[in-house]
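Structural features, examined
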Amino acid sequence: MSEFDGLPPLRDVVKKHELAAKKSLGQNFLFDLNLTGRIARAAGPLAGVTIIEIGPGPGGLTRALLTEGAERVIAVERDERCLAALAEIAAAYPGRLDVVPGDALTVDLAELAEGAKGPVRICANLPYNIGTALLVGWLETEPWPPWFDRMVLMFQREVAERIVATPAQRADYGRLGVLTGWRATARILFDVPPSAFTPPPKVTSSVVEIVPRREPLPCDARILTAVTAAAFNQRRKMLRQSLKGFSIAGTSLEALALLQRAGIEETRRAEEIDVAGFVALARAAGEMSRSGLGE
Ligand code: SAM
């Protein structure tokens with residue numbers, strides 16, 4: 001029995017339920033309940049809080065979230081092999097753990113969180129192969145502010161660095177940093193070495209805290225994403241070049257006019273433009289396409 005919650009050690013759970021890790025599902029499990037406790041506390045205090053957890057696997061983080069006092073954990077898991085192990089945890093915490101079998105990329109998480117009495121938070125050791133896609137979806141949530149008040153997520157260190165990057169970290173700064181910086185504040189809380197996982201991944205991981213801004217600078221998320229993608233597609237080129245042929249909803253916009261309207265020098269490069277600059281570009285692009293100022 002574990003000293004934390006009276007449930008069997010995770011290694012025994014994995015053995016009993018034959019949960020050999022599958023690479024295709026990004027399965028790198030955490031067995032150390034001290035570490036999962038640390039991640040859960042980073043999402044806390046948890047009294048009265050509903051947690052949406054993605055990929056509970058054998059339940060290491062799930063158990064920590066429950067012992068740390070989460071009112072309710074709603075855990076979405078794609079691997080049906082894990083469901084019996086998770087049912088044992090649910091039985092030990094009556095009424096506090098709901099396991100939802102399914103793909104987190106398609107399950108409507110906002111709907112799952114509906115009816116929660118207190119704050120809702122997302123906390124997960126994410127499957128590395130869909131971590132970025134999930135985060136982008138959460139950051140593009142409409143309406144904003146979203147249904148969650150914080151995210152505490154584990155990524156590969158290299159992805160974590162891109163999430164928190166600003167123009168000061170040129171090599172890492174890109175679409176992910178702009179989208180995150182626009183709608184949230186983000187920081188890396190701590191690193192987790194490969195040896196903490198079973199099986200160990202090749203790279204170091206990091207736990208990141210992302211807190212939605214209540215009032216991000218107003219702009220259209222889709223246009224911001226589109227203009228950022230175009231600008232960083234050729235990140236070393238001047239914007240007058242990388243934004244050539246940029247179009248919205250079939251309207252092609254003239255790069256120089258767009259940059260002028262946004263108040264950005266045509267010789268600047270994407271990696272020099274901060275979030276406010278990209279928002280100005282997105283707003284200028286939206287205005288131009290609405291008023292038929294295409295090429
Ligand atoms: N939370 C567990 C832990 O910390 O030990 C497992 C983390 S493991 C990195 C990622 C988990 O996400 C696995 O349990 C995997 O089966 C699950 N997973 C992978 N793809 C998923 C998807 N599309 N939707 C929901 N869960 C998924």
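Just above, that's the structure.
I will try to describe carefully the structure that is included in this document. (Residues numbered from 1 in each chain as written. Predicted model: local features only at pLDDT ≥ 70, side-chain atom pairs only at ≥ 80, totals over all residues. Heavy atoms only, no water.)

Details of the overall build of the chain
To keep it simple, the criterion reads: Numbering of helices and strands starts at the N terminus; helices are DSSP runs of H or I of at least 4 residues and strands are runs of E of at least 2. To sort residues, take the accessible area from a 1.4 Å probe on protein chains only and compare it with the maximum for the residue type: under 20% means buried, over 50% means exposed, and anything in between is partly exposed. Residue contacts follow a heavy-atom distance rule, with two residues in contact if any of their heavy atoms lie within 4.5 Å. Note on areas: Shrake-Rupley, 1.4 Å probe, and residue coverage restricted to the protein chains presented here.
Secondary structure assignment for the chain yields twelve helices and eleven strands. A principal-axis box enclosing the C-alpha atoms of the chain has dimensions of 70 × 40 × 30 Å. Counting only residues that meet the buried cut, the chain has 47% of its 295 residues in that class. At a minimum sequence separation of 6, the contacts of the chain that also span at least 24 residues come to 71%. By element, 50% of the accessible surface of the chain is carried by carbon and sulfur atoms, the whole surface being about 13,600 Å².

Details of the site of the ligand
Here is the rule we go by: For this purpose, a residue is taken to be near a molecule or strand whenever a single non-hydrogen atom of the residue falls within 4 Å of it. Polar contacts, as used here, are pairs of N or O atoms within 3.5 Å; protein pairs need one atom able to donate a hydrogen and one able to accept it. Residues neighboring in sequence count only if both atoms are side-chain atoms.
Around the ligand sit 21 residues in total, of which Gln27, Leu30, Gly55, Glu77 and Asp103 are the nearest. In this structure, glutamate 77 approaches the ligand through a side-chain N or O atom, which is 2.6 Å from an oxygen atom. A distance of 2.9 Å separates a nitrogen atom of the ligand from a polar atom in the backbone of alanine 104. Taken by itself the ligand offers 590 Å² of open surface, and the protein chains cover 99% of this. Those elements that place two or more of their residues in the shell around the ligand are strand S1 (29-30) and strand S3 (72-77).

Brief notes about helix H11 (residues 255-262)
For the record, the criterion: What the arc measures is the spread of directions leading from the helix axis to the C-beta atoms.
Along H11, the residues classified as buried are Ala255, Leu258, Leu259 and Ala262. Along the axis of H11, the buried positions cluster into a sector of 95 degrees, meaning they face one direction only. Where the residues of H11 are buried, they touch helix H10 (239-242) and helix H12 (275-290). One or two steps after H11, the chain reaches glycine 263, where phi turns positive at roughly 70 degrees.

Structural notes on helix H4 (residues 83-92)
Within H4, the full set of buried residues consists of Ala85, Leu86 and Ile89. Burial along H4 is one-sided: seen end-on, the buried residues are contained in an arc of 95 degrees. Tucked into the core, H4 has its buried residues touching helix H1 (10-16), helix H3 (60-67), S3 and strand S4 (97-101).

Some remarks on the nonpolar core
What counts here: The set of buried Ala, Val, Leu, Ile, Met, Phe, Trp, Tyr and Cys residues whose side-chain atoms join them within 4.5 Å is what this entry labels a nonpolar core. Either an automatic procedure or a domain database provided the assignment from which the domain bounds are taken.
Counting residues in each nonpolar core, the largest one holds 61 residues, and the members touching the most others are Ile54, Trp138, Leu153, Leu243 and Phe278. For this core, the leading source of residues is H12, giving eight residues. If you count residues domain by domain, this core takes at least three from each of domain 1 (2-212) and domain 2 (221-291). When near neighbours in sequence (up to four residues on either side) are disregarded, phenylalanine 278 contacts Tyr173, Val178, Leu224, Val227, Thr228, Ala231, Phe232, Ala270 and Ile273. If you look at the next biggest cluster of nonpolar residues, it comprises 37 residues, including Phe29, Ala40, Ala75 and Val207.

As for unusual backbone geometry
A cis geometry characterises the amide bond from glycine 44 onward to proline 45, with omega recorded as 0 degrees. Along the chain, proline 45 turns up in the loop between helix H2 (33-42) and strand S2 (50-54). Of note, the bond from threonine 198 into proline 199 is cis; its omega dihedral lies within 30 degrees of zero at -10 degrees. Here proline 199 is to be found in the loop between strand S8 (197-198) and strand S9 (205-212). Although it is not a glycine, glutamate 18 adopts a positive phi angle of roughly 50 degrees. Residue alanine 249 is not a glycine yet carries a positive backbone phi of 45 degrees. Counting through the fold element by element, alanine 249 comes out in the loop between strand S10 (247-248) and strand S11 (251-252).

Focus: the sheet that holds S9
Applicable threshold: Note on pairing: DSSP must find at least two bridges between two strands before they are called paired. Axis definition: a line fitted to C-alpha atoms, limited for helices to the stretch in contact. Angles are taken between N-to-C directions and run from 0 to 180 degrees.
The strand order across the open sheet formed by seven strands is S4-S3-S2-S5-S6-S9-S7, and the pairing between neighbours is mixed. In the strand order of this sheet, the two ends are held by S4 and strand S7 (184-192), each with one partner. Pairs of neighbouring strands in the sheet enclose a mean axial angle of 20 degrees, with direction left out of account. Sitting on the sheet, H2 touches strand S5 (120-125), strand S6 (150-156), S7 and S9, and the angle it makes with S7 is about 165 degrees. Lying over the sheet, helix H6 (residues 131-139) contacts S2, S5, S6, S7 and S9, oriented at roughly 155 degrees with respect to S6.

Regarding the side chain of threonine 228
Among the structural elements, threonine 228 can be located in helix H9 (residues 221-233). Judged by its relative accessible area of 3%, threonine 228 falls in the buried class. In this structure threonine 228 touches Arg175, Val178 and Phe278, once residues within four positions along its chain are discounted.

So, the packing of aromatic side chains
Test applied: Here is the rule: rings of Phe, Tyr and Trp (six-membered ring for Trp) pair when centre to centre is within 6.5 Å. Planes less than 30 degrees apart are stacked, more than 60 are edge-to-face, and the remainder are tilted.
Under the definition given, this model contains four aromatic pairs. Here the aromatic rings of tyrosine 173 and phenylalanine 232 are separated by 5.6 Å at their centres, their planes lie at 85 degrees, and the arrangement is edge-to-face. Separated by 59 residues along the polypeptide, tyrosine 173 in the loop between helix H7 (157-164) and helix H8 (175-183) and phenylalanine 232 in helix H9 bring together distant segments of the chain. Classification of tyrosine 173 by relative accessible area gives buried; the value is 1%.

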